[in-house]
Structures are given as structure tokens and as C-alpha cells.
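# Per-entry structural report
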Amino acid sequence: CTLCYAIDELKTHLLNSVENAEITISNSKIDGTFNIVVKAEKVNVRDDTYYLIPTDDGIILKGVTRVGALYACYEFLKLQGYRWFEPGKDGTLTPKGLKTLTVPDKELVFKTTAPTARGFTIDGRLNENEDIFRWMARNRLITYNNFPNSTKTLQKLGFIVHDGGHIFTNILDPERYLPSGKTIWDEHEDWFGLPSNGVRSRKWAQWTQFCVTNHDCLDFLSEELIRAITDEWAEAEDIGVWGFDTW
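Just so it is clear, the model here is predicted, and its values are computed rather than measured.

A few words now on the side chain of aspartate 48. Checked against the element boundaries, aspartate 48 lands in the loop between strand 1 (35-40) and strand 2 (50-55). For aspartate 48, a relative accessible area of 7% translates into the label buried. Among the polar contacts made by the side chain of aspartate 48, one reaches the side chain of arginine 118 at a distance of 3.3 Å. Setting aside its immediate chain neighbours within four residues, aspartate 48 contacts Val67, Gly68, Tyr71, Phe110, Thr112, Pro115, Arg118 and Ile142.

Turning our eyes to something else, we now look at the layout of surface pockets. Empty space among the atoms becomes apparent when a probe as large as a water molecule is rolled across them. Within this model, the largest pocket holds a volume of roughly 780 Å³. Those elements that place two or more of their residues in the lining of the largest pocket are helix 1 (2-17) and strand 1. The volume enclosed by the second largest pocket comes to roughly 320 Å³. His13, Asn16, Lys89, Thr92 and Arg138 are the residues nearest the centre of the second largest pocket, which is lined by 17 residues in total. For the lining of the second largest pocket, the elements supplying multiple residues, two or more each, are helix 1 and helix 3 (130-138). Among the residues forming the lining of the second largest pocket, the class breakdown is four nonpolar, six polar and seven charged.

Definitions and cut-offs
Residues numbered from 1 in each chain as written. Predicted model: local features only at pLDDT ≥ 70, side-chain atom pairs only at ≥ 80, totals over all residues. Heavy atoms only, no water. Helix = DSSP H or I, 4+ residues; strand = E, 2+ residues; numbered from the N terminus. Buried < 20%, exposed > 50% of the residue type's maximum accessible area, 1.4 Å probe, protein only. Polar contact = N/O pair within 3.5 Å; in protein donor to acceptor, adjacent residues only side chain to side chain. Contact = heavy atoms within 4.5 Å. 1 Å grid on protein atoms, 1.4 Å probe; cavity = no way out; pocket = protein on both sides within 12 Å on 5 of 7 lines; lining within 4 Å. Points joined across faces, edges and corners; volume = space filled by probe spheres on them. Nonpolar A, V, L, I, M, F, W, Y, C, P; charged D, E, K, R; others polar.

So, in C-alpha cells, the structure goes:
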């Protein structure tokens, strides 16, 4: 789960930086040691707020949710000097030879002003690269397109999985065959918008938006959207529904 991953990330990074470090993962504090408590308050909500709370024997890294707890761990690592400038080991600034850990003088609270729109989509061969996913999570970038082979990894890292986009390009492909054996264009030319010259063209059918006043067209699109939402987009938390890409 995300909380276990956060603890593993914290341990791995600190072992690379702290001299002669001995790190024990436990369900309770250990007397006479520096204790780092990692915890989350809630599970079934979306809130990335996190806290760094100094204590007499260490620090509490707390998130409102497990994702917030992960970000609290990364914030604590940043206090030690860590930076993640680009994906992969070569892009990580790793502090070496730390003898003590830096703890804030007072409680710190971090709350994002952009709870959903922090991320991007990468096309091509890198779009399912775990180094990119980890780099994004360490920098609190959380929005990425849905890829079936990577969905569970993205969710573990706290991502909001996005799907959809210019979906009507495929749904209303003029050459798409319907159960009748005819193409959409042949059977429903009137579903496509009327361009400024007043003449619909099969070749340029998607250069004008589809006709939103045609009830048969809207019924067809609604059925296709419901099918997609309950099938290939079932894991997505954010779905974009855009018209034809007419640029």
C-alpha cells in the first residue's frame, strides 16, 4: 500500500545518506532512539495535506491520507538535502555523510492549492516508465494518463489516473461500421456538423463539431460513454470528455 511504500522510500533514502545508520521498522516507538512516526488519518478521501511535527524523541510525518503521508516523507527528505531533478539515479541529489537529521523547530503544515491538476502526459515509449512515475511522486505531481499495465503502480504512488480526451474522434469515426453493416457516415451523415460552406464532406467530417441538437446522435454518444466509463475507464478518477480536435 501507499503507506508501506512511503516507509520504504524513507528507509532507502536515509540509508544512503546517514553515516552508520541502523533503521528498524516497528509498530511502536523504541526508547533511546530517534523515532520517525509515519501515519495517515483517513483512507477513503482525497486530501494531500501533510504535517511535519517535531517531538522530544524525533518527528511525526503525518498525512490526512496515505498520499499525504508519502509527501510528508519526501518533505522530510528534502530537509536533509535531497532533490529529485529528473527521473533516475543520475537526476537525484543525494546528501552524503549525514551525522544528524534536520528537524523543523515547529510544526509545518503543507496544503496544495492545486488538488488535481498537477501532472502531464508523456507520449511514446516513455509513457509507462516507472522511473518517471517515481520522480513525479517525489515532486508531488499526481495526474497521469491511464495505462492498464501501470494503473496499480500509479494508484500506489497517489496519482489521480486520467482517461478520455478527444474521445469522439474514434466514437464518431466516419468509417466506423455499425451493426447495420453501414459506416456512420453512410447511415448518419446528419450527425456531423454543417461547415461554414454549407456542404458536409466525408473527408472533412470531423473538422466541424458534431451536431449536438441531433437526439439520435446524443443517444449513441451517451451509450458509448457509459460503456467506456464502466469498462476501459473503470480505474480512472478523472475523465476528459472533449469534442473533435479541430485545430
